[in-house]
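Secondary and tertiary structure notes
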Amino acid sequence: AVFALPEGGSDRDGLYVPANYNYLHGFRYEDITLQMDLDTDQNGLLTIRSPFDVPLSTTRLKSTKGKGMAVDLGVGVVVGGLEAGFGASGLGNHITWTGTELTTYSLSNLLLGNDAFIEVGPVPQPDQRIELPVNYTGNVGYSFGRARVVGEFSHGFQGNSFHGGAEYRFGAVEVRGGGVYSREVWDPA
């Protein structure tokens, strides 16, 4: 929804309030865990503590049916050359996986040269509800004459990120520069 501001300076001036509802349909869920337990003797050579130890095992939790939802909300304001906004993406973001099955694979001895894994399952498991964190974003921008500067900060699933830049228009040619900080790395643009 867009709400006009009193005595706006341009047709863009206003308060913007967007909202999205996302229905999520999951096609495949995989959660694989690997565990390795290597024991050594006093000389540093591989050894086995007991015949019942399992030195290498992996579990696979899977499903092919999932349903969920997420909501995105935001607010932005534009007044003259200034614009600012804040949003939250993925509020309540979750998928509940049904028909989940667990299969375990284990190798009982690493020293015999036998590479055949012992498979147990699949064993039915309770439904799995998987949630992702909310992604929060704030932005600010300012246009003056032929120039424009913008910046955006985000915090969420991928950690913190920042996007910023500036441009200047020389008629039909625009010169732009900026940078991105994401996953603890700066990249120029």
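Residues numbered from 1 in each chain as written. Predicted model: local features only at pLDDT ≥ 70, side-chain atom pairs only at ≥ 80, totals over all residues. Heavy atoms only, no water.

1. Some points on the pairing of strand E14 (residues 147-156)
As paired strands, strand E13 (residues 135-144) and E14 are joined by 9 bridges and run antiparallel to one another. Residue Gly-138 lies in a different strand from E14, and its bridge partner there is Phe-153. From the end of E13 to the start of E14, which pair antiparallel, there are 2 residues, and Gly-145 there has a positive phi angle of about 60 degrees. Both E14 and strand E15 (residues 159-170) contribute to a ladder of 10 bridges, which runs antiparallel. Across the sheet, residue Val-150 finds its bridge partner in E15, namely Gly-165. Taking the residues that link successive antiparallel strands as the turn, the E14-E15 hairpin has 2 residues. (Pairing = 2+ DSSP bridges. Helix = DSSP H or I, 4+ residues; strand = E, 2+ residues; numbered from the N terminus.)

2. Observations concerning the side chain of Ser-63
For Ser-63, the location among the structural elements is in strand E7 (residues 56-63). A polar contact of 3.2 Å, which involves the side chain of Ser-63, links it to the backbone nitrogen of Lys-65. Sequence-distant contacts of Ser-63, that is, excluding residues within four places in its chain, are made with Phe-27, Arg-28, Tyr-29, Trp-97, Thr-98, Gly-99 and Thr-100. (Polar contact = N/O pair within 3.5 Å; in protein donor to acceptor, adjacent residues only side chain to side chain. Contact = heavy atoms within 4.5 Å.)

3. Looking at the sheet that holds strand E4 (residues 29-36)
Pairing in this open sheet of 4 strands is antiparallel, and the strands run E4-E7-E10-E11 from one edge to the other. Whereas interior strands pair on both sides, the edge strands pair on one side only; in this sheet they are E4 and strand E11 (118-124). This sheet shows a mean twist of 15 degrees between the axes of neighbouring strands, independent of strand direction. (Axes fitted to C-alpha atoms, helices over the stretch in contact; angles between N-to-C directions.)

4. Points about the pattern of salt bridges
Counting across every chain of the model gives 7 salt bridges. Arg-60 is the partner of Glu-30 in a salt bridge, and the nearest nitrogen-oxygen pair spans 2.9 Å. In this pair, Glu-30 sits in strand E4 while Arg-60 sits in strand E7, placing the two residues 30 residues apart along the sequence. According to the relative accessible area criterion, Glu-30 is partly exposed, its value standing at 32%. On the basis of relative accessible area, Arg-60 is assigned to the partly exposed category, the value being 24%. Across the salt bridge formed by Arg-176 and Glu-167, the nearest N and O atoms sit 2.7 Å from each other. Residue Arg-176 is classed as exposed on the basis of its relative accessible area, which comes to 60%. Residue Glu-167 is classed as buried on the basis of its relative accessible area of 17%. (Salt bridge = Lys/Arg side-chain N within 4 Å of Asp/Glu carboxyl O. Buried < 20%, exposed > 50% of the residue type's maximum accessible area, 1.4 Å probe, protein only.)

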